[in-house]
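Structural features, examined
What follows is the residue order along each chain.
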Amino acid sequence: MIPKASKTFVDFAGLLRAYGFAVSPDQTIGFIEAVGLLGPRSMEDIRASALAMFAIAKDREDEFDALFRTFFYGQTLAPPVEGDEEDDVEAHEPGMETLDVPVEEDEDDPGDTASGAEILSQRAFAREDEALVSLKDFGRRAERMLPRRTSYRFLSSNKGRRLNMRQVLKAASRTDGDAILLPMLDRKQKQRKILLLVDVSGSMRDQSEGYLRFAHALAQSAQSFECFTLGTRLTRITASLKPKDRDQALSRVTAAVADFDGGTRIGDALSAYLNVPRFAGYARGALVLILSDGLERGDPTQMIDAVARFSRMAWRLHWLSPLAGDDDFAPQTEALSAVLPKLDSLSGARTIEAVCHHVLNVARAA
């Protein structure tokens, strides 16, 4: 068994192997020993140990640094862009220089249709309370209505199916060996992990603000929660949503997300998420919610493959689209049509009330 203190470094070596770096078990052991010798006093000591012991080639140091920042700092990822052969996934954080990808677009495009171009912009959230009632009601009901799973741990229960032998014997010792009371045990129930992926591209301009307000409400109610935005890149905003004050949290989100109202590369963003082992591992057994119109303009294969992987890993995979509110709705893209059999649900999400109602009833529907 790997010591708990060393597991992080072993996992990092596994991440490097997954991205084509030749890392042997002996090098991994040497890396852990080097980190121990250096203290470490800072993250730079860990980086220096990895560079030395894994013998990272000079021409791959940029790729190594991107993986190092992603793994140890949890920085956000830009999904791969078709035709970019140098870097499959780029790690970045607000304020860092990022790669601008030139894509030919119509100069008169108002931004309300799906696009593959990366247009970086930030969003100023208004202090609106239109959905306040729905979100408050969601917060009151979420703790008891969000989906749960059976834990491996036991707790005392009057309706349990297993004898609590420790308590039975303890009570019998006081009555000359007669077991008068038969305390029972039952499996503990715990909330399932929830992964929320929010599309913030130009075609979702009218809904993305409300969806992020819902994301904040869910972050306050869920016991285990991760949230990412999808656009021309993938951005982790879980930490930004932690403050209880909604306006403060959304201000942090605007600082973290650089591709509001830009193009649409859903398949690339989903693939970027799955290509990071610790992110992909979180989706296993989780309720995965994708809030997007599904208007993918790129190669549909990328999105189809990514959704197929999510469907195999997740407990339930639900796609909520603002376009699916009508009874006669039919997917408008090849990609969304192809992934329908892999989804547990494709539902309407035109209003925050509809989103809240759907999520609260997932457990009942399952």
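First, a word on what this report is: a plain description of the structure on this page. (Residues numbered from 1 in each chain as written. Predicted model: local features only at pLDDT ≥ 70, side-chain atom pairs only at ≥ 80, totals over all residues. Heavy atoms only, no water.)

What about the packing of aromatic side chains?
For clarity, the threshold we go by: Stacked, edge-to-face and tilted are the three classes for Phe, Tyr and Trp ring pairs, Trp counted by its six-membered ring, which pair at centre distances within 6.5 Å; planes under 30 degrees apart are stacked, over 60 edge-to-face, the rest tilted. Counted as over-ring charges are cases with an Arg CZ or a Lys NZ within 6 Å of the ring centre that also lie within 35 degrees of the ring normal.
Applying the stated criterion to the full structure yields 15 aromatic pairs. Cluster of aromatic residues (ring-pair linked, three or more members): Phe9, Phe12, Phe31, Phe54, Phe64, Phe68, Phe71 and Phe72. Arg60 extends its terminal NZ or CZ atom over the ring of Phe21, reaching a point 3.8 Å from the ring centre. When the ring centre of Trp315 is taken as reference, the NZ or CZ atom of Arg316 above it lies at 4.8 Å.

Some details on the side chain of Arg192
For clarity, the threshold we go by: Here a helix means four or more residues in a row that DSSP labels H or I, a strand means two or more in a row labelled E, and each is numbered from the N terminus. The buried label goes to any residue with under 20% of its type's maximum accessible area, the exposed label to any with over 50%, and the partly exposed label to all in between, with areas taken from a 1.4 Å probe on protein chains only. Charged-residue counts in this description rest on Lys and Arg as positive and Asp and Glu as negative, His and the chain ends being excluded. The term salt bridge refers to a pairing of a side-chain nitrogen on Lys or Arg with a carboxyl oxygen on Asp or Glu at a separation within 4 Å. Pairing of N or O atoms within 3.5 Å defines a polar contact, subject to two protein rules: one partner must be a possible hydrogen donor and the other a possible acceptor, and residues neighboring in sequence count only if both atoms are side-chain atoms. It only takes one pair of heavy atoms within 4.5 Å for two residues to be counted as in contact.
Take Arg192: it is sitting in the loop between strand 5 (184–191) and strand 6 (194–199). No salt bridge is formed by the buried Arg192. Its closest oppositely charged neighbour is Asp344, at 11 Å. Engagement of the side chain of Arg192 in a polar contact is seen with the backbone oxygen of Gly285, the distance being 2.9 Å. Setting aside its immediate chain neighbours within four residues, Arg192 contacts Pro147, Arg148, Arg149, Ser224, Gly285 and Trp315.

Some words on the environment of Asp293
By the element assignment, Asp293 lies in the loop between strand 9 (287–291) and helix 11 (300–313). For Asp293 and Gln332, which are 39 residues apart along the polypeptide, the C-alpha to C-alpha distance reads 9.3 Å. A polar atom in the side chain of Asp293 sits 3.1 Å from the backbone nitrogen of Leu295.

Digging into the pattern of salt bridges
Following the criterion strictly, the structure yields twelve salt bridges and no others. Between Arg47 and Asp65 there is a salt bridge, and its shortest N-O distance comes to 2.9 Å. Here the residue Arg47 occupies a position in helix 3 (residues 43–53), and Asp65 occupies one in helix 4 (residues 61–73), the gap between them amounting to 18 residues. For the pair shown, Arg47 and Asp65 are each scored as buried. Here Arg140 and Asp137 are joined by a salt bridge, their closest N and O atoms 3.6 Å apart. Of this pair, Arg140 and Asp137 both sit in helix 5 (residues 132–145), three residues apart, which is roughly one turn of the helix. Judged by its relative accessible area of 56%, Arg140 is exposed. For Asp137, a relative accessible area of 27% puts it in the partly exposed group. Among the charged side chains, a salt-bridge network with shared partners connects Glu44, Arg47 and Asp65.

Such coordinate-based values are descriptive only and should not be taken to indicate function.
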